[in-house]
Amino acid sequence: MQIAFIGVGGIARNYLASLEKLNRTVAAVCDINEQTAARVAGELNCHGYTDHRDMLARENPDVVFVAIPPAAHDTQTIDAAQAGANLFVAKPVAMDIDVARRTQDAIAASGRINQVGYMARYSDITERAKALVKGRDLGMGMGRFLTRMSPSHPWWGKFSVSGGQLLEQSTHVFDWLRLFLGEVETVQAFGHAGPDNTIADFEDSTAVNLKFANGAVGSVVSTCSARVKDGFMTELCGRDLYLRLAMDTHISGYVDQEEIDFHGQERGYFRQVEQFISAVEAQDQSLVRSSYADAVKSLSVTLAANRALESGRVETVE
Ligand SMILES: NC(=O)c1ccc[n+]([C@@H]2O[C@H](COP(=O)([O-])OP(=O)(O)OC[C@H]3O[C@@H](n4cnc5c(N)ncnc54)[C@H](O)[C@@H]3O)[C@@H](O)[C@H]2O)c1
């Protein structure tokens, strides 16, 4: 299996570590930063490129991991799909919905395996929670993403590159809630630009309300001004059911009379890559829990939330 990367910054390291654990070698890497491309290619003893089209033409990879900032998404994934590669794309899939839709069409036309890096879907606690809520009516879902901006990633704080915290980071929480409660129809949002707007040029604290198509309601609070324990968390409520899913590894709460206190091992980072490689080998998209088309729906929710922040009105998810 010829594996290649487009973008070899922070999260690519995580994917590379999982591939190494799976005894998979990487044939080529591309990064627009020449030094980064050369350094990582040297470390992996593979070919390095600064132009992804060059890499696709010369290496003809079976698998391409795309791990670039939201606003950088243009035709890279489309080009890789048209070159016949199976695709693993870091979340969020893009910043622009038209880019995402064009890419979704190109992937569908290629018929190749596609997966997006929503690792929480692959965690032990998601598996356990899915079993616990099966067949039950969930009326409400809450989530939070509380963190600090990373000084090593100044682009996170620039709305024009990251799309803001909701699109870039809290997308994990929106995606997690969609997994349990289904599609979001409308959103309402409030934001506050606090003292940290020296790091972020957008509201660093936000509250988003959600109305799901099945009638359930939800809310997601986010900040990039304070990192706390269990800052990445989701809560699910239904009749005689409350589950608190914290940082990918712990569920507490109850279902009927039963108290739930479950600790998982696998946070999903490794399993998402392991399962993707299995799906590619079997050419079986049903092994994927986070397809590109599904991830476009999570992008649509965060774009609607961004519109609601700006307009102050209830916005419909496209
Ligand atoms: N848990 C997660 O799922 C998780 C965690 C971190 C980041 N991410 C996502 O991964 C993506 C990348 O984030 P990161 O933290 O790795 O950022 P990063 O800045 O560390 O790395 C991005 C790399 O992409 C390169 N790049 C930019 N445009 C390119 C292009 N057109 N062609 C080739 N290379 C290009 C940059 O030079 C850089 O080396 C983002 O969408 C981010 O949201 C996901």
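Residues numbered from 1 in each chain as written. Predicted model: local features only at pLDDT ≥ 70, side-chain atom pairs only at ≥ 80, totals over all residues. Heavy atoms only, no water.

## Details of the packing of helix α5 (residues 97–110) against helix α11 (residues 292–311)
Relative orientation and spacing of two packed helices are given, respectively, by the angle between their axes and the distance between those axes. Cut-off, in case you're wondering: Geometry is summarised by axes, namely lines fitted to C-alpha atoms with helices restricted to the contacting stretch, and by angles between N-to-C directions that run from 0 to 180 degrees. Under the DSSP-based scheme used, a helix requires at least four consecutive residues in state H or I and a strand at least two consecutive residues in state E, with every element numbered from the N terminus. Convention used here: angles under 35 degrees read as roughly parallel, angles over 145 as roughly antiparallel, angles from 65 to 115 as roughly perpendicular, and any remaining angle as oblique. When checking whether two residues touch, look at their non-hydrogen atoms; a contact exists if any pair is within 4.5 Å. Ten residues, namely Ala, Val, Leu, Ile, Met, Phe, Trp, Tyr, Cys and Pro, are considered nonpolar, four, namely Asp, Glu, Lys and Arg, are considered charged, and the remaining ones, Gly among them, are considered polar.
Contact geometry for α5 and α11: axes closest at 10 Å, N-to-C directions at 170°. Here α5 lies roughly antiparallel to α11, going by the angle between them. On α11, the residues touching Ile97, Ala100, Arg101, Thr103, Gln104 and Ile107 of α5 are Tyr292, Ala293, Val296, Leu299, Ser300 and Leu303. Tallied by class, the residues present in the contact of α5 with α11 amount to eight nonpolar, three polar and one charged.

## Remarks on the domain arrangement of the protein chain
Our working rule: What marks off one domain from the next here is an automatic or database domain assignment. Salt bridges are identified by distance alone: a Lys or Arg side-chain nitrogen within 4 Å of an Asp or Glu carboxyl oxygen. Whenever a nitrogen or oxygen atom comes within 3.5 Å of another N or O atom, the pair is scored as a polar contact, on the condition that within protein one atom can donate a hydrogen and the other can accept it, and that pairs from neighbouring residues in sequence are kept only if both atoms are in side chains.
Along its sequence, the protein chain is organised into domain 1 (3–112) and domain 2 (120–267 + 298–316). For domain 1 versus domain 2, the distance between C-alpha centres works out to 27 Å. Contacts between the two partners involve 12 residues from domain 1 and, on the opposite side, 13 residues from domain 2. Linking domain 1 with domain 2 are one salt bridge, by the criterion used here. Linking Lys91 and Glu168 is a salt bridge whose minimum nitrogen-to-oxygen distance equals 4.0 Å. Our count for the contact surface shared by domain 1 and domain 2 stands at two residue pairs in polar contact (both at pLDDT 80 or more). Counted by class, the side of domain 1 that touches domain 2 contains nine nonpolar, no polar and three charged residues.

## Looking at the sheet that holds strand β2 (residues 28–30)
How we decide: Strand pairing requires that DSSP identify at least two bridges connecting the strands.
The six strands lie next to each other as β3-β2-β1-β4-β5-β6, forming an open sheet whose pairing is parallel. Looking at the sheet topology across the chains shown, the edges are occupied by β3 (47–49) and β6 (114–116). On average, adjacent strands in this sheet sit at an angle of 15° to one another, irrespective of strand direction. In the packing of helix α10 (residues 269–282) onto the sheet, contacts are made with β1 (3–6), β4 (63–66), β5 (86–89) and β6, and the angle to β5 comes to roughly 165°.

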